[in-house]
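# Coordinate analysis (summary)
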Amino acid sequence: MKTNFKYMIAAVVVTFFAVIACKKTEYSFGSIKTPQDLVINVIIQGQDANNPTGDGSGNVTISAQATNALQYKIYFGNGDSVMTYSGTATYKYTTIDTNTYTITVNAIGTGGAITTLSKQIRVLYKFQIPTDIMSLLTNGTSKNWIIASDTVGHFGVGPTTSFFPDWYQAQPNEKPACAYGSVITFTQAGSNSITMNDNNNGSSFLIAAATAFYGQSGGDGCYPIATGGTKTLGFGTANSGSNSTNSTGIQFTVPGNGIIGFGTGGNTYEILSLTSNVMWLRNIGSDGNAWYQIFRAQ
């Protein structure tokens, strides 16, 4: 009788664990919560009663906060944006003079639920373009530049830790005709303002990693790109970590899609060297690499 009782206990234990093992694991993402009470606070560096648009540095700190928000997407009103978990971001506006920007914040909750709020700000940026840069780029009025297609390395690419196209340098005229069709005109538009127009005859050369950035798809090649007409450039001090041995220390940002010459998906260009006849530019592309272009005065 004792033996049978032991068998009965063993059978119950085996059955219990069999049931546990066969039970389907259930997962739950919890309830979807839409962020509430979204607020945006903006601090413009140097802003006070006498300087309502700031001290001219262009530096701004944006803080967003909302109940039930897991992260925030902040749009700076000029085509740039950033994703942040804290809701806080610092940014430098580099378009010369006082400009108005509409900051938009998406507060993102569980299940991708979004609450959106916008705020308009006015920011002063008064970086002084060096006189030699102004003169060499524009010749005091307007000056045309074209890709130096007959020069080794007129297109190139390398790591961001370097200031030389260590990985690849294009050989003379190796790219399709569209890569060499642009005429880039720099014009002095004021004592501290330069505009640029890239006349690409309706087609520009894009690297494969950047085609989506320009609304295209495919590999390296020619694409119908609208360059956006005449644009006021935003000049500033280069933030790449370069020094006087490998750069002029000056960069400029091209509004809109940022294209100049060929498209890499970047819109900020550092002037590595500049003479009256030759200009060497570096920018960071969509692929995270450093891309180079050599131009010559036309």
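Residues numbered from 1 in each chain as written. Predicted model: local features only at pLDDT ≥ 70, side-chain atom pairs only at ≥ 80, totals over all residues. Heavy atoms only, no water.

### Some remarks on the overall build of the protein chain
Scanning the protein chain from N- to C-terminus turns up two helices and 20 strands. Buried positions account for 42% of the 298 residues belonging to the protein chain. Taking all contacts inside the protein chain whose residues are at least 6 apart in sequence as the whole, residues at least 24 apart take part in 57%. Carbon and sulfur atoms form 54% of the exposed surface of the protein chain, whose accessible area is close to 15400 Å². (Helix = DSSP H or I, 4+ residues; strand = E, 2+ residues; numbered from the N terminus. Buried < 20%, exposed > 50% of the residue type's maximum accessible area, 1.4 Å probe, protein only. Contact = heavy atoms within 4.5 Å. Areas by Shrake-Rupley, 256 points an atom, 1.4 Å probe, with all protein chains shown as cover.)

### Structural notes on the sheet that holds strand E3 (residues 71-75)
With respect to topology, four strands assemble into an open sheet ordered E4-E3-E6-E7, the strand pairing being antiparallel. Of all strands in the sheet, those bounded by a partner on one side alone are strand E4 (81-84) and strand E7 (114-125). Each strand axis lies, on average, 20 degrees off the axis of its neighbour in the sheet, ignoring direction. Pairing geometry for E3 and strand E6 (residues 97-108), over five bridges, is antiparallel. Each bridged residue has a counterpart across the sheet, and for isoleucine 74 the counterpart in E6 is valine 105. (Pairing = 2+ DSSP bridges. Axes fitted to C-alpha atoms, helices over the stretch in contact; angles between N-to-C directions.)

### Some points on the sheet that holds strand E5 (residues 88-92)
Read from one edge to the other, the open sheet built from three strands follows the order E1-E2-E5, with strand pairing classed as antiparallel. This sheet does not close on itself; its edge strands, each paired only once, are strand E1 (36-44) and E5. Across the sheet, the axes of successive neighbouring strands diverge by a mean angle of 20 degrees, strand direction being ignored. Where E1 meets strand E2 (residues 59-67), seven bridges bridge the pair, whose relative direction is antiparallel. Counterpart to asparagine 41 in the pairing with E2 is serine 63.

### What about the side chain of threonine 94?
With respect to the helices, strands and loops of the structure, threonine 94 is situated in the loop between E5 and E6. Exposure remark for threonine 94: the relative accessible area of 17% places this residue in the buried category. Not counting residues up to four positions away in its chain, the partners in contact with threonine 94 are Tyr125, Gly234, Phe235 and Thr253.

### Some remarks on the layout of surface pockets
Reported here for the largest pocket is a volume of approximately 730 Å³. Lining the largest pocket we find 34 residues, and of these Asp80, Gln251, Thr253, Asn267 and Thr268 sit closest to its centre. When residues of the lining of the largest pocket are traced back to their parent elements, those giving at least two are E4, E5, strand E16 (234-237), strand E17 (250-253), strand E18 (268-274) and strand E19 (278-284). (1 Å grid on protein atoms, 1.4 Å probe; cavity = no way out; pocket = protein on both sides within 12 Å on 5 of 7 lines; lining within 4 Å. Points joined across faces, edges and corners; volume = space filled by probe spheres on them.)

### Looking at the nonpolar core
Residues Leu137, Phe186, Phe235, Phe252 and Ile260 are the most contacted members of the largest nonpolar core, which totals 41 residues. Once residues lying within four places of it in the same chain are set aside, the contact partners of isoleucine 260 are Ile184, Phe186, Met196, Asp198, Phe252, Tyr269, Leu281, Gln293 and Phe295. (Core = buried A, V, L, I, M, F, W, Y, C linked by side-chain atoms within 4.5 Å.)

### Quick notes on helix H2 (residues 131-138)
Here H2 has its buried residues at Ile133, Met134, Leu137 and Thr138. The buried side chains of H2 occupy one side of the element, clustering within an arc of 100 degrees when seen end-on. Following H2 by one or two positions, asparagine 139 adopts a phi angle in the positive range, close to 60 degrees. (Arc of directions from axis to C-beta.)

### A few points about the confidence of the model for the protein chain
On average, residues of the protein chain score 91 in pLDDT, and 90% of them reach the 70 mark or higher. Across residues 5-20, confidence stays below pLDDT 50; counting only partners more than four residues off in sequence or on other chains, it has zero contacts. (pLDDT = per-residue confidence, 0-100.)

### What to know about the state of the cysteines
Tallied over the entire structure, the rule returns one disulfide. Here cysteine 178 pairs with cysteine 222 through a disulfide, and the sulfurs are 2.1 Å apart. Looking down the S-S bond of the cysteine 178 and cysteine 222 bridge, the torsion is -90 degrees, so its handedness is left-handed. Taken together, the residues cysteine 178 in the loop between strand E10 (168-169) and strand E11 (183-190) and cysteine 222 in strand E14 (residues 221-223) connect sequence positions 44 residues apart. (Disulfide = S-S within 2.5 Å.)

### A closer look at the environment of serine 242
With respect to the helices and strands, serine 242 occurs in the loop between E16 and E17. Distance from serine 242 to threonine 161, taken between C-alpha atoms, is 9.6 Å for residues 81 residues apart in sequence. If we skip the residues at most four places from it in the chain, serine 242 touches Phe163, Ser247 and Glu270. A polar contact is formed between the side chain of serine 242 and the side chain of serine 240, at a distance of 3.3 Å. (Polar contact = N/O pair within 3.5 Å; in protein donor to acceptor, adjacent residues only side chain to side chain.)

### Regarding the packing of aromatic side chains
Counted according to the given criterion, the structure contains 14 aromatic pairs. Residues tyrosine 91 and tyrosine 93 carry aromatic rings whose centres are separated by 4.8 Å and whose planes lie at 75 degrees to one another, so their mutual orientation is edge-to-face. Each member of the pair, tyrosine 91 as well as tyrosine 93, is classed as buried. For the pair phenylalanine 235 and phenylalanine 252, a centre-to-centre distance of 5.5 Å together with 40 degrees between the ring planes defines the contact as tilted. In this pair, phenylalanine 235 sits in strand E16 while phenylalanine 252 sits in strand E17, placing the two residues 17 residues apart along the sequence. (Phe/Tyr/Trp six-rings, centres within 6.5 Å; stacked < 30°, edge-to-face > 60°.)

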